Amino acid sequence: MANTTTHAPSVAFVTLGCAKNEVDSQEMSAKLVRAGYLLADDPEQADVIIINTCSFIQAATEESIDTFFELAGLDRVAAGESKIVMAGCLPARYGADLEEELTEAQAFVPCSREDDIVQIVAGLIPDFVPEAPVLTEEGTIGANEYALTTVGDNPWTAYVKISDGCDRMCAYCTIPFIRGHYHSFTLEEIERDVDYKVASGVREITLIAQDTGRWGQDFAERSSLARLMDHLATQFPEIWFRVMYIQPEGVTDELLQVMRAHENICSYLDIPFQHAAKRVLRAMNRRGCGDDFRNLISHIRDEVPDVTLRTTLIAGFPGETEEEFEELLDFVSEAELDYVGVFPYSREDGTRAAELEGQIDEETKQERAQAVRDLADSVSAGVIAARTGKTMPVLIIGTEEDGQLYGRAKCQAPDVDGVTFVYRGAPGEIINTEIAGTLMYEMEGD
Ligand code: SF4
């Protein structure tokens, strides 16, 4: 059936939440572009606005709904000329309830249906017939379906998702209900994705998932994250590889050896410990304790001496006593981690923790989270300052408005760890620079 509309409809994405959502948005946008739709930067100009939502905690849910009402207020939406699609975690978590509430939205696309985005958008604009995707001999969607999922709008660094879902069922977490069971993507899929990005000029690949350390363990022929990283680092020797969101149990000697063996694997581990008090960790349905984590950290530092360590911690979990909170603070002081993300516990409907006795009042939660934050900042500032005088490679990723060049060293992950200011080179280049000074999380090259 021929297209009766004169111009290709335009689609704008508004992406909320984590790096995994960024990847999903860019993969949906790649499918739409290959089907003949145009991408619009400005939602006000778009025929379809896709809000890729986050809903893992209440604050994120509220932000997603506020964003929806803000966009529903646009003239073209109000006039019915532009359609809104709610995608991602919010429709996955709230399903039909959401559809009853947000009647102005024309479609709801939970994470599990994002592959059907072309069909769904086509249903909203019937007078435009999208092009069919290119299929391989096997009848699967070809390599050119992959998106150049760069980090933000910078072409030198990209995320690659290696699995989705999670089966750990931490008592405070909604993600298993939103993203479903854990499932690894195949080595072939991941390698094609990496290959596509490298061919597009990317110099750094960050591997992400909810539980990266479990990669390959659900295959008939079991594999491991260590083998995946060994393979990718060997196949793409000029590319930096980094892994985020690896649970303590996922840090194996095999992985540490592979990390030590490859110069192009960043000696960087993001290990969410969440707390240090044993009773609190058990209430969270998590393993380990402060001593286990301290032992793991010193073992990692023995095996990979220049390693950079990041973690996330939750303060104010139901039942957390003053003593257990002190244990958390002691852990932060003694572990001397490079980077620490801190969250006040968020009571989420449908989670086991929401039903626990001893819920802590909001003010106390915020105070405890701030205390951990302040302590972590003072500890990390010292750890980062100790990098002064060291020479390290920096991937230059851009220039500030005043022309100042900046980049990231291997010890700085995208979006969360600050940047390094440098005075020579150009974006996309990797230069060796001596760290002349630091200011909190920022570093300055010679
Ligand atoms: S491992 Fe992470 S994603 Fe999985 S349930 Fe726990 S907190 Fe949620």
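Residues numbered from 1 in each chain as written. Predicted model: local features only at pLDDT ≥ 70, side-chain atom pairs only at ≥ 80, totals over all residues. Heavy atoms only, no water.

### Some details on the site of the ligand
To keep things clear, this is the line we draw: Residue proximity to a molecule or strand is established when one non-hydrogen atom of the residue lies within 4 Å of it. Throughout this entry, Asp, Glu, Lys and Arg are counted as charged residues, while Ala, Val, Leu, Ile, Met, Phe, Trp, Tyr, Cys and Pro are counted as nonpolar. The remaining residues, Gly among them, count as polar.
Around the ligand sit Cys-166, Arg-168, Met-169, Cys-170, Tyr-172, Cys-173, Ile-175, Pro-176, Gln-210 and Gln-247, and that is every residue in its neighbourhood. Classifying every residue of the shell around the ligand by side-chain character gives seven nonpolar, two polar and one charged.

### Things to note about the packing of helix H1 (residues 19-34) against helix H5 (residues 117-124)
Heads up, the condition is: To obtain each axis, a line is fitted to C-alpha atoms, and for helices this fit is confined to the stretch in contact; angles are then taken between N-to-C directions over 0 to 180 degrees. Where helices and strands are cited, they refer to DSSP runs of H or I of at least four residues and of E of at least two residues respectively, numbered from the N terminus. We call two directions roughly parallel when the angle between them is under 35 degrees, roughly antiparallel when it is over 145, roughly perpendicular when it lies between 65 and 115, and oblique otherwise. Note on convention: near helix rotated counterclockwise from far helix by under a right angle means a left-handed crossing. Clockwise means right-handed. Any pair of residues with heavy atoms lying within 4.5 Å of one another is described as a contacting pair.
Two numbers describe how H1 lies on H5: the axes approach to 9 Å, and their chain directions differ by 60°. When the interaxial angle is binned, H1 and H5 end up oblique. Between H1 and H5 lies a crossing whose hand is right-handed. Residues Met-28, Lys-31 and Leu-32 of H1 pack against Ile-117, Val-118 and Val-121 of H5. Here the contact of H1 with H5 is composed, by residue class, of five nonpolar, no polar and one charged.

### As for the sheet that holds strand S16 (residues 405-409)
So the rule is basically this: Strand pairing is assigned whenever DSSP detects at least two bridges linking the two strands.
Strand order in the closed barrel formed by five strands is S15-S16-S17-S19-S18, with mixed pairing between adjacent strands. The average undirected angle you get between the axes of adjacent strands in this sheet is 50°. Bridge analysis of strand S17 (residues 420-422) against strand S19 (residues 442-445) gives two bridges, and the strand direction is parallel. Among the inter-strand pairings, Thr-420 is bridged to a residue of S19, identified as Met-443.

### Considering unusual backbone geometry
Comment: phi is negative for the bulk of residues other than glycine, and the bulk of peptide bonds are trans. Here the phi dihedral of Gln-274 falls at roughly 70°; this positive angle occurs in a residue that is not glycine. Take Gln-274: it is sitting in the loop between strand S12 (265-270) and helix H10 (278-283).

### Some words on the side chain of Glu-324
Operational definition: When accessible area is computed with a 1.4 Å probe and restricted to protein chains, residues below 20% of their type maximum are described as buried, those above 50% as exposed, and intermediate ones as partly exposed. For this analysis, a polar contact is any N or O atom pair within 3.5 Å, provided that within protein one partner can donate a hydrogen and the other can accept it, and provided that sequence-adjacent residues contribute only side-chain to side-chain pairs.
You can see Glu-324 is positioned in helix H12 (residues 322-335). Since its relative accessible area comes to 9%, Glu-324 is described here as buried. Here the side chain of Glu-324 touches Arg-279 through a polar contact of 2.6 Å, side chain to side chain. Sequence-distant contacts of Glu-324, that is, excluding residues within four places in its chain, are made with His-275, Ala-277, Arg-279, Val-280 and Gly-319.

### Focus on the environment of Val-304
By secondary structure assignment, the location of Val-304 is in the loop between helix H11 (290-303) and strand S13 (308-315). Put simply, Val-304 and Ile-384 are 80 residues apart on the chain and 17 Å apart in space, counted from C-alpha to C-alpha. Not counting residues within four places of it along the chain, the set of residues in contact with Val-304 comprises Leu-256 and Ser-267.

### Details of the nonpolar core
Looking at soluble globular proteins, one finds that nonpolar side chains tend to be buried together. Definition in use: Remark: nonpolar core denotes a set of buried residues (Ala, Val, Leu, Ile, Met, Phe, Trp, Tyr, Cys) joined through side-chain atoms within 4.5 Å.
Grouped together as the largest cluster of nonpolar side chains are 66 residues, with contacts concentrated most on Phe-241 and Leu-269. Contacts of Phe-241, omitting those with residues within four sequence positions, involve Val-194, Ile-205, Met-229, Leu-232, Ala-233, Phe-236, Asn-264, Ile-265 and Cys-266. One finds Ile-384, Met-392, Val-394 and Ala-413 within the second-largest nonpolar core, a separate group that totals 23 residues.

### Digging into H12
What counts here: To estimate the expected span of a helix, subtract one from its residue number and multiply by 1.5 Å. In this description, one arc is meant: the one made by directions from the helix axis to the C-beta atoms.
Spanning 14 residues, H12 covers 20 Å between terminal C-alpha atoms, matching the ideal 20 Å at 1.5 Å per step. Among the residues of H12, those classed as buried are Glu-324, Phe-325, Leu-328, Leu-329, Phe-331, Val-332 and Ala-335. Along the long axis of H12, the arc covered by the buried residues comes to 155°, so they all point the same way. At the C-terminal side of H12, Glu-336 shows a positive phi close to 50°.

### A few points about the environment of Ile-271
Tracing the sequence through the fold places Ile-271 in the loop between S12 and H10. Sequence spacing of Ile-271 and Ser-333 is 62 residues, and the spatial spacing of their C-alpha atoms is 17 Å. Setting aside residues no more than four positions away along its own chain, Ile-271 makes contact with Ile-246, Gln-247, Pro-248, Val-251, Ile-300, Leu-309, Arg-310, Thr-311 and Thr-312.

### Thoughts on the packing of H12 against helix H13 (residues 362-385)
Where H12 contacts H13, the two axes come as close as 9 Å, and the packing angle between them is 20°. For the element pair H12 / H13, the angle class is roughly parallel. With respect to the hand of their crossing, H12 and H13 are arranged in right-handed fashion. Packed against H12, whose contacting residues are Glu-322, Phe-325, Leu-328, Leu-329, Val-332 and Ser-333, the element H13 presents Arg-368, Ala-371, Val-372, Leu-375, Ala-376 and Val-379 at the interface. For the contact of H12 with H13, the class distribution of residues is nine nonpolar, one polar and two charged.

### Section: the sheet that holds strand S3 (residues 48-53)
Strand order in this open sheet of five strands is S2-S1-S3-S4-S5, and the pairing throughout is parallel. Edge positions in the sheet fall to strand S2 (38-39) and strand S5 (107-110), since each has one partner strand and no second. In the sheet, strand S4 (residues 83-88) pairs with S5 via four bridges, with the strands oriented parallel. In the strand pairing of S5, Gly-88 is matched with Pro-110.

### Details of the pattern of salt bridges
Stated formally: Between Lys or Arg on one side and Asp or Glu on the other, a salt bridge is scored when a side-chain nitrogen of the former is within 4 Å of a carboxyl oxygen of the latter.
Applying the stated rule across the entire model yields 28 salt bridges. Across the salt bridge formed by Arg-76 and Asp-47, the nearest N and O atoms sit 3.1 Å from each other. With Arg-76 in helix H3 (residues 75-78) and Asp-47 in the loop between S2 and S3, the pair connects residues that are 29 residues apart, well separated along the chain. Take Arg-76: its relative accessible area is 23%, and that puts it in the partly exposed class. A residue is classified by how much of its surface remains accessible, and Asp-47, at 13% relative accessible area, is buried. Several salt bridges share partner residues, and in doing so they unite Asp-24, Lys-161, Asp-164 and Arg-179 into one network.

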